[in-house]
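Structure assessment
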Amino acid sequence: MVESFLDFVKSISGQRNVRNLSLEELDQEASKFARVTKTNSHSFYSNVRNRSAGVSVVFGSDKVASKTLNERQQAIKDRKDQTLQEVREYLQRAPLIKVQRTVGDNPEFNPKCNLLLSVQRADNVRQAHLWSHTLRDYDPQSPGPELFEVCIPEWPENERQVMIFPEDNLTVILGIDYVGEVKMGFLRMAMYDVKQTGLLCLHAGAKIVNDRVADGSTKKYGMLFFGLSGTGKTTHACHGHELNAPGESMDILQDDIVSLGPDGRALGTECGFYMKTEGMHPETQSIIFQALQQPEALFENVMLTHDGEIDYTDLSLGGNGRAVIPRSSFGEYVGNDINMPPLDQLDGMVIAFITRRMTVLPLVSKLSPEQAAAAFMLGESVETTAGDPRRAGESVRVVGTNPFMIGSEAEEGNWFYNFVKNNEGKVQSYLLNTGGVGEILERDERGRAVVKQAVKRVPIPEMSAMIRGILRGSIEWGPDPLFGNQVPVKVEGMDIGQYDLSNFYSTGQIEEYAQRLIEERKQHLASFPGLNQQVVNALY
């Protein structure tokens, strides 16, 4: 059934109900449904404002198919053939547009994207419009592969779903008008495909930094930033870290997805960044903020006042406001290439795993290769009172901080371990805690978390100072008795002593929090059959 449906999708371009639109035609049509900001940008709004992971199902062989399904996902699986037939019949009658773009810009792997979008509701053209500005023009000469996506936003609400067929390079999105679902539908397939070529696709930001080290020389480092949504991945991938000494510079490559090769090259995917805008501030995130002021920025689900002013602190429309920003809007902070060169063309690579915890985890930890691979497998953060009060303080873990992974998690962990171990002399790995320390939570009679002692948060400028110290090699390190790695003793530009755990807890409390986290990590790492035992036994 899937094969015949895909054949139909490939042949539909010539139907009378299908219009093939260029980027310029998309821009013109979408502008009719935009609100205009004071900076002459366009702002759009959707009904669905987050990815619909709970109704997403991966189909295919045992190697890729979703294993654990909720009730709704099981129903989607059971009706797969019937749904595809209904979609096929609908596509023959509904008004459709077809849009083509290309992922990446390199000579070896450039997936060619074919989006078939229903415009039964004419304003849904904005999905194709915003998504198109994240990728480059369609290039029929690119090596491929060809990816296909069908999106029918007006499909009945009670049948909302995402059907993913990675082995067929097909995704079907029904009842969802959120741009992020279209974007990640293509990138998820690309991530699976590139893995078949021997590369590992990462949910990570990337940049190149030239910085001055202690002896006065300049070093060129590649940087990768892993992190779940809301932890600061994009913030720090697109931050200057006050590296403003003579000879220092930065080239922002990517903020979301890169493909890492065994030689350290990291292939970029996008020419426009789809960024969260929550809490954006000109003083702490000046590079991103200035890019948002450009008329080329495109907004989705942000608070726009009656007179065209954007308020990034007003979350009335939800906490997942977004903007598509052309990479070129970062001006002097970007070059012409979206790809990171291999390690033999760099002085080294710095890998940062960003988490957000609030109790006893150090703000920065230097990791061994084994600990780095464990961090990859843990992919951790923590639920907050602003998210789900009943789960506040509980760990949130996604392998590789990558909710789009298809296939064996242990295989990806082993690949990553081999990479950092084989390149131990040139690859440094760190765990960055962008949350803080000192929080104490208690539960009320309804099981909700109540803050008894507020967390001491680490501000963006201070975390930036620590990243700057890592790059310049200026941090003084010492042993961490809790987690068995190296932590900062002295950091230029900040008082690291203010985060000493003895300022917030008794010795017994510190040991209790640390031991609880260690035991959680042990159990998690032991749950992946086939994972290298050196990684399973790594504690930090």
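Our subject is the structure that appears above.
Basis of the calculations
- Residues numbered from 1 in each chain as written.
- Predicted model: local features only at pLDDT ≥ 70, side-chain atom pairs only at ≥ 80, totals over all residues.
- Heavy atoms only, no water.
- Helix = DSSP H or I, 4+ residues; strand = E, 2+ residues; numbered from the N terminus.
- Rg over C-alpha atoms; globule rule 2.2 N^0.38 Å.
- Buried < 20%, exposed > 50% of the residue type's maximum accessible area, 1.4 Å probe, protein only.
- Contact = heavy atoms within 4.5 Å.
- Pairing = 2+ DSSP bridges.
- Salt bridge = Lys/Arg side-chain N within 4 Å of Asp/Glu carboxyl O.
- Polar contact = N/O pair within 3.5 Å; in protein donor to acceptor, adjacent residues only side chain to side chain.
- Axes fitted to C-alpha atoms, helices over the stretch in contact; angles between N-to-C directions.
- Parallel < 35°, antiparallel > 145°, perpendicular 65-115°, else oblique.
- Left-handed = near helix turned anticlockwise from the far one by under 90°.
- Nonpolar A, V, L, I, M, F, W, Y, C, P; charged D, E, K, R; others polar.

Further remarks concern the overall build of the protein chain. Each helix and strand counted, the protein chain has 13 helices and 31 strands in total. Relative to a compact globule of 540 residues, whose C-alpha radius of gyration would be 24 Å, the protein chain shows 23 Å and is just as compact. Counting only C-alpha atoms, the protein chain reaches 70 × 50 × 50 Å along its principal axes. For the protein chain, the proportion of its 540 residues judged to be buried stands at 57%. Here the analysis covers contacts within the protein chain between residues at least 6 apart in sequence; of these, 73% occur between residues at least 24 apart.

The next point concerns the pairing of strand 12 (residues 218–227). The element strand 12 is extensively covered by neighbouring structure, given that seven of its ten residues are classed as buried. The sheet contact formed by strand 11 (residues 200–212) and strand 12 spans nine bridges and is antiparallel. Residue pairing in the sheet places Ala204 in a bridge with Phe226 of strand 12. If you look at the hairpin formed by strand 11 and strand 12, you'll find five residues sitting between the two strands, and Gly216 has a positive phi there, around 90°. By the bridge criterion, seven bridges tie strand 12 to strand 21 (residues 348–355) in an arrangement that is parallel. Its bridge partner being in strand 21, Phe225 is matched across the sheet by Ala352.

To continue, consider the pattern of salt bridges. Enumeration over the complete set of coordinates arrives at 30 salt bridges. One salt bridge in this structure joins Arg521 and Glu380, with 2.4 Å as the shortest N-O distance. Here the residue Arg521 occupies a position in helix 12 (residues 507–525), and Glu380 occupies one in strand 23 (residues 380–382), the gap between them amounting to 141 residues. Each member of the pair Arg521 and Glu380 is classed as buried. Each of Arg357, Glu380, Arg397, Glu520 and Arg521 takes part in salt bridges that share partners, so that together they form one network.

Here we take up the side chain of Asn114. Looking at the secondary structure, you find Asn114 in strand 6 (residues 112–118). A polar atom in the side chain of Asn114 sits 3.4 Å from the backbone oxygen of Lys112. Apart from the residues lying within four places of it in its own chain, the contact partners of Asn114 are Lys98, Val99, Gln100, Tyr138, Glu146, Leu147, Phe148, Glu149 and Phe186.

This brings us to the environment of Ile173. Mapped onto the secondary structure, Ile173 falls in strand 10 (residues 170–174). Overall, the relative accessible area of 0% leaves Ile173 in the buried class. On a C-alpha basis, the gap between Ile173 and Gln161 in space is 6.1 Å, while along the polypeptide they are twelve residues apart.

Turning our attention to the sheet that holds strand 20 (residues 322–326). Judged by pairing direction, the sheet is mixed, and its five strands sit side by side in the order 2-3-17-20-16 without closing on themselves. The strands lining the two open edges of the sheet, one partner per strand, are strand 2 (35–36) and strand 16 (272–276). Pairing of strand 3 (residues 42–44) with strand 17 (residues 298–300), which is carried by three bridges, proceeds in the parallel orientation. Its bridge partner being in strand 17, Ser43 is matched across the sheet by Phe299.

Turning our eyes to something else, we now look at the packing of helix 5 (residues 125–132) against helix 6 (residues 179–195). Interhelical geometry of helix 5 versus helix 6 gives an angle of 50° and a closest axis separation of 9 Å. By the criterion of interaxial angle, the relationship of helix 5 to helix 6 is oblique. For the pair helix 5 and helix 6, the sense of crossing is right-handed. Facing helix 5, whose interface residues are Arg126, Gln127, Leu130 and Trp131, helix 6 presents Val179, Val182, Lys183 and Phe186. For the contact of helix 5 with helix 6, the residue count by class is five nonpolar, one polar and two charged.

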